[in-house]
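Residue-level structure breakdown
Each chain is listed here by its residues.
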Amino acid sequence: MKLNPQSPLRALMETFPRAGRLEWIGLRPRRRVPLSGVTQVEVLADHGLVGDHKATRAGGKRQVTLIQSEHLDAVGALLGRAAVDPALIRRNLVVSGINLLALRDAQFDIGGVRIEGTGLCEPCSRMEEVLGAGGYNAMRGHGGIIARVISGGIISLGDAVAHVAVPQS
């Protein structure tokens, strides 16, 4: 959404109460194989996470997928059980303490890596397979966001996740 730089709404949209935190990193070397959790990963600009199958080609809006840790609890509650294991839901990064939906069209830093949210990460039919009956509907509205990598580096568990105010032209 393009807003006037002096808009009070723009100021509100760029104000976050605190930074979030990177809680989990998952890589999938090939399609349809389970994600493996790691503690640290190299992130390549305009590609994604080294070791993840999505990072093999440049460009695109879906280089990295992210979900809020708090949504894993919500999905579990909707399914009548404990929080969902992040490896099941096929997202690369799990963060806590910051509203990812507010970052879907914004730039943010995870550690020293700059990322730009490019849209919603809608659930797919695989959620029914991995979460059981109702898994798809439990994930609706809780799927997180997709993003592209602007500048690379190394990210590690515990890194801060913080919105970056970018001047509008």
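In every chain, residue numbers begin from 1 and rise along the written sequence. Where totals are concerned, whole chains, interfaces and linings use all residues; where local detail is concerned, this predicted model gives features only for residues with pLDDT of at least 70, and gives and counts side-chain atom pairs only at 80 or more. In computing side-chain properties, one takes all heavy atoms of the structure into account and sets aside hydrogens as well as water.

1. Details of helix α2 (residues 69-78)
Here's how the labels work: a residue is buried when its accessible area is under 20% of the maximum for its type, exposed when over 50%, partly exposed in between, all with a 1.4 Å probe on protein chains only. Secondary structure elements follow DSSP: runs of H or I of four or more residues count as helices, runs of E of two or more count as strands, with numbering from the N terminus. Taken together, the buried positions of α2 are occupied by Leu72, Val75 and Gly76. When α2 is viewed along its axis, its buried side chains cluster within an angular range of 100 degrees and face the same direction. Opposite the buried face of α2, by more than 90 degrees, sit the exposed residues Ala77 and Leu78. Looking at the residues trailing α2, positive phi occurs at glycine 80, about 75 degrees. The arc in question is traced by the directions running from the helix axis to the C-beta atoms.

2. Thoughts on the environment of tryptophan 24
For tryptophan 24, the position within the fold is in strand β1 (residues 20-27). Residues tryptophan 24 and leucine 66, spaced 42 residues apart in sequence, show a C-alpha to C-alpha distance of 9.8 Å. Any two residues whose heavy atoms approach within 4.5 Å are treated as being in contact. Apart from the residues lying within four places of it in its own chain, the contact partners of tryptophan 24 are Leu35, Gly37, Pro86, Ala87, Arg91, Asn92, Leu93, Val94 and Leu157.

3. Some details on the side chain of glutamine 63
With respect to the helices and strands, glutamine 63 occurs in the loop between β4 (48-49) and β5 (64-68). One polar contact links the side chain of glutamine 63 to the main-chain carbonyl oxygen of glycine 60, over a distance of 3.4 Å. Polar contact criterion, stated in full: a pair of N or O atoms within 3.5 Å, where within protein one must be able to donate a hydrogen and the other to accept it, and residues adjacent in sequence count only if both atoms are side-chain atoms. A polar side-chain atom of glutamine 63 sits 2.7 Å from the main-chain amide nitrogen of valine 149. Ignoring any residue separated from it by four or fewer positions in sequence, one finds glutamine 63 in contact with Asp46, His47, Gly48, Lys54, Asn92, Ala147, Arg148 and Val149.

4. Considerations on the pattern of salt bridges
Salt bridges, as used here, are contacts in which a Lys or Arg side-chain nitrogen is within 4 Å of a carboxyl oxygen on Asp or Glu. According to the stated counting rule, one finds six salt bridges in the structure shown. Residue glutamate 23 is joined to arginine 21 by a salt bridge in which the shortest nitrogen-to-oxygen separation is 3.2 Å. The class of glutamate 23 is partly exposed, set by a relative accessible area of 31%. As a salt-bridge pair, glutamate 116 and arginine 148 come within 2.8 Å of each other at their nearest N and O atoms. One end of the pair, glutamate 116, is in strand β8 (residues 113-120); the other, arginine 148, is in strand β9 (residues 145-151), and 32 residues separate them in sequence. Exposure remark for arginine 148: the relative accessible area of 29% places this residue in the partly exposed category.

5. Some remarks on the pairing of strand β3 (residues 40-44)
The alternating pattern of β3 places Val41 and Val43 on a buried face and Gln40, Glu42 and Leu44 on a face that is not buried. We call two strands paired when DSSP finds no fewer than two bridges between them. Of the strand pairs in this sheet, β3 and strand β10 (residues 153-156) are connected by four bridges, and their pairing is antiparallel. Within β10, the residue paired with glutamate 42 across the bridge is isoleucine 154. Where β3 and β4 come together, two bridges link them in antiparallel fashion. Its bridge partner lying in β4, valine 43 is registered against leucine 49. Turn length for the β3-β4 hairpin, with the two strands adjacent in sequence and antiparallel, is three residues, and the turn residue aspartate 46 shows positive phi of about 60 degrees.

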